[in-house]
Amino acid sequence: MSQTPASVEVGERAARTLTAELARHSGPKTALVVGAHAGSAVLPAAFDALLPGDRLTLVPAESSSVLDLRDHVEAQGAWIAERVTVAGSQEEADPADVVIVAEPLTGGATRTRAIIDGLTKLIADGGVLSVAAVALPGLAGEASAELDRQSALFGAGTDLVLRNRPPLRVHRLRFTPASPSLAGRLAPTYRPSSVPMTRTMHMDSNGVAAAGIALGLAALTRVTRPKSKLWWIPALAAAPAAAFFRDPQRDVPDDESAIVAAADGKVLSIERIRDDRFGDTEFLRIAVFLSILDVHINRTPTPGRVADYFVTDGGFAAAMKPEAEHNVAAYTVLDTPHGTVVVAQRTGLIARRIVQRAPVGSVLARGERFGLIRFGSRTDVYLPADSVEPLVGIGDRVSGGSSVIARWL
């Protein structure tokens, strides 16, 4: 199946992204790695994701033999050997909850489509196919475009891994709908867009880009105008740009009845409303105002499957004012075992850019990062009013992903 040139490799970061869907499953699950070989970074990442009760099957790459791969598995120790088997071919493998293609796909669209079609029969109902393509134009061939097309139809998430040689785009494809109840058995997924700075503090990739641009401008100004002090302006701007996009690690409550804040900030309002766009249900809407000093990463308040996503036009009133009700807003609609839950990302007077990284069909865990809003803004959480007990009051400060704002009854 391999069609990857020798110059393309899967590094540790890309391997972790490819196996992220496997790593986030807390319950017993089955997995399949196609195109495996002993030197692949995908294998240790997959082995690390295994829990008691899991089963992993490996299908060797064209460059690897079944015996070599079995010897490699045995060398990992009894715990791994008991849970990992090696199949001689794809035809010998059983359907799995997570199917991972260990080697990036390159080449023509027809062959890429044939490979994916051959793998679909190996994906259990509601399961995910994780596959990568080179992200650099010219090197990826038509494979990247074909995977983009597949993602538009069946995408459950896409991540760009820049720290790889060459950069890779990882696609997660789900060809049959997953049950909303699956979300309750998942941990927040690993995302390369959340870049580790320290053990407890990450930075969104937008912040890395913003700080890099500012420092680049400072260096360019210093070179082109060595006698000028103007280079200090972009240099000093790099720090606040990076600080705005900070993405701290959060301890997400394990309590299944807990509903957590979707963003950092101050509780602006708590009210019961109806919205025909989301059905006949009466909702309890908890609105949180984010100042420019707050963390602007958005997180899922409760486990669920993304059933819909849409953006409405509007103005750019100050987010703490009533007029912000009619600002530009992005709505992520979650299908949960408790009913419909909606997160609205609203722009503000300064905020003009909403980032949402969870396509329709995604299954999100409680507290999982799914987007952000640039600069001051507001985030609203709509909950079925008769099914929840609010636990915050107006004026309370909350932290996204960790503060419990309500509880399921």
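Residues numbered from 1 in each chain as written. Predicted model: local features only at pLDDT ≥ 70, side-chain atom pairs only at ≥ 80, totals over all residues. Heavy atoms only, no water.

- Identification of the chain as Phosphatidylserine decarboxylase from Catenuloplanes nepalensis is taken from an unreviewed UniProt entry.

### Let's talk about the sheet that holds strand 17 (residues 339-346)
Turning to step 1, where the next piece is worked out: The sheet built from eight strands is open, its strands ordered 19-15-16-17-21-13-12-23 with antiparallel pairing. A single partner strand is all that each edge strand has here, and the edge strands are strand 19 (363-364) and strand 23 (397-398).
Turning to step 2, where the next piece is worked out: In this structure, strand 13 (residues 282-290) lies alongside strand 21 (residues 377-384), joined through eight bridges in antiparallel fashion. Directly across from I286, in strand 21, lies its bridge partner V381. (Pairing = 2+ DSSP bridges. Helix = DSSP H or I, 4+ residues; strand = E, 2+ residues; numbered from the N terminus.)

### Thoughts on the side chain of R369
Turning to step 1, where the next piece is worked out: Inspection of the secondary structure puts R369 in strand 20 (residues 369-374).
Turning to step 2, where the next piece is worked out: With residues near it in sequence (within four places) discarded, R369 still touches R191, S194, H202, D247, P248, Q249, I297, N298 and R299. (Contact = heavy atoms within 4.5 Å.)

### Some remarks on the packing of aromatic side chains
Turning to step 1, where the next piece is worked out: What the rule picks out here adds up to nine aromatic pairs.
Turning to step 2, where the next piece is worked out: Summarising the aromatic geometry, the rings of F154 and F175 are spaced 4.8 Å apart at their centres and angled 50° between planes, so their arrangement reads as tilted. In this pair, F154 sits in helix 7 (residues 143-154) while F175 sits in the loop between strand 7 (168-173) and strand 8 (194-196), placing the two residues 21 residues apart along the sequence.
Turning to step 3, where the next piece is worked out: Exposure remark for F154: the relative accessible area of 29% places this residue in the partly exposed category.
Turning to step 4, where the next piece is worked out: According to the relative accessible area criterion, F175 is partly exposed, its value standing at 24%. (Phe/Tyr/Trp six-rings, centres within 6.5 Å; stacked < 30°, edge-to-face > 60°. Buried < 20%, exposed > 50% of the residue type's maximum accessible area, 1.4 Å probe, protein only.)

### Topic: the environment of E12
Turning to step 1, where the next piece is worked out: Within the element layout of this structure, E12 appears in helix 1 (residues 12-18).
Turning to step 2, where the next piece is worked out: Looking at E12, the relative accessible area reads 70%, which means it is exposed.

### Digging into the nonpolar core
As a rule of thumb, soluble globular proteins bury nonpolar side chains together.
Turning to step 1, where the next piece is worked out: By size, the foremost hydrophobic cluster in this structure holds 31 residues, and its most contacted members are V33, V42, F47, L56, L58 and V84.
Turning to step 2, where the next piece is worked out: The element best represented in this core is helix 3 (residues 42-49), accounting for six residues.
Turning to step 3, where the next piece is worked out: Not counting chain neighbours up to four residues away, the residues in contact with L56 comprise A31, L32, V33, A46, F47, L50, R83, V84 and T85.
Turning to step 4, where the next piece is worked out: Counting residues in hydrophobic clusters, the runner-up holds 25 residues, among them A263, I286, L383 and W408. (Core = buried A, V, L, I, M, F, W, Y, C linked by side-chain atoms within 4.5 Å.)

### Points about the sheet that holds strand 7
Turning to step 1, where the next piece is worked out: What the seven strands build is an open sheet, ordered 3-2-1-4-5-7-6; its pairing is mixed. Each end of this open sheet is capped by a strand with a single partner; those strands are strand 3 (84-86) and strand 6 (155-161). Between one strand axis and the next, the sheet turns through 15° on average, direction left out of account.
Turning to step 2, where the next piece is worked out: Bridge analysis of strand 1 (residues 30-36) against strand 2 (residues 55-60) gives six bridges, and the strand direction is parallel. Bridge pairing in strand 2 places V33 opposite L58. (Axes fitted to C-alpha atoms, helices over the stretch in contact; angles between N-to-C directions.)

### Quick word on the pattern of salt bridges
Turning to step 1, where the next piece is worked out: As enumerated under the stated definition, the model contains 27 salt bridges in all.
Turning to step 2, where the next piece is worked out: One salt bridge connects D380 with R346, and the closest N-O pair in it is separated by 2.6 Å. Of this pair, D380 sits in strand 21 while R346 sits in strand 17, and the two are 34 residues apart along the sequence. R346 carries the same exposure label as D380, and that label is buried.
Turning to step 3, where the next piece is worked out: Among the charged side chains, a network of salt bridges with common partners joins E21, R24, D159, R172, R174, R191 and E368. (Salt bridge = Lys/Arg side-chain N within 4 Å of Asp/Glu carboxyl O.)

### Describing the layout of surface pockets
Picture a little ball the size of a water molecule; that probe, rolled over the atoms, points out where space is still empty.
Turning to step 1, where the next piece is worked out: Reported here for the largest pocket is a volume of approximately 530 Å³.
Turning to step 2, where the next piece is worked out: Together, 25 residues line the largest pocket, and R16, P188, T189, Y190 and Q249 are the ones closest to its centre.
Turning to step 3, where the next piece is worked out: Listing elements by their share of the lining of the largest pocket, those giving two or more residues are helix 1, helix 2 (20-23), helix 3 and strand 8. (1 Å grid on protein atoms, 1.4 Å probe; cavity = no way out; pocket = protein on both sides within 12 Å on 5 of 7 lines; lining within 4 Å. Points joined across faces, edges and corners; volume = space filled by probe spheres on them.)

### Regarding the pairing of strand 17
Turning to step 1, where the next piece is worked out: A large share of strand 17 lies buried, amounting to six of its eight residues.
Turning to step 2, where the next piece is worked out: Relative to strand 17, strand 16 (residues 329-336) is paired through eight bridges, and the arrangement is antiparallel. What sits directly across from L334, in strand 17, is V341.
Turning to step 3, where the next piece is worked out: The antiparallel pairing of strand 16 with strand 17 creates a hairpin that spans two residues between the two strands.

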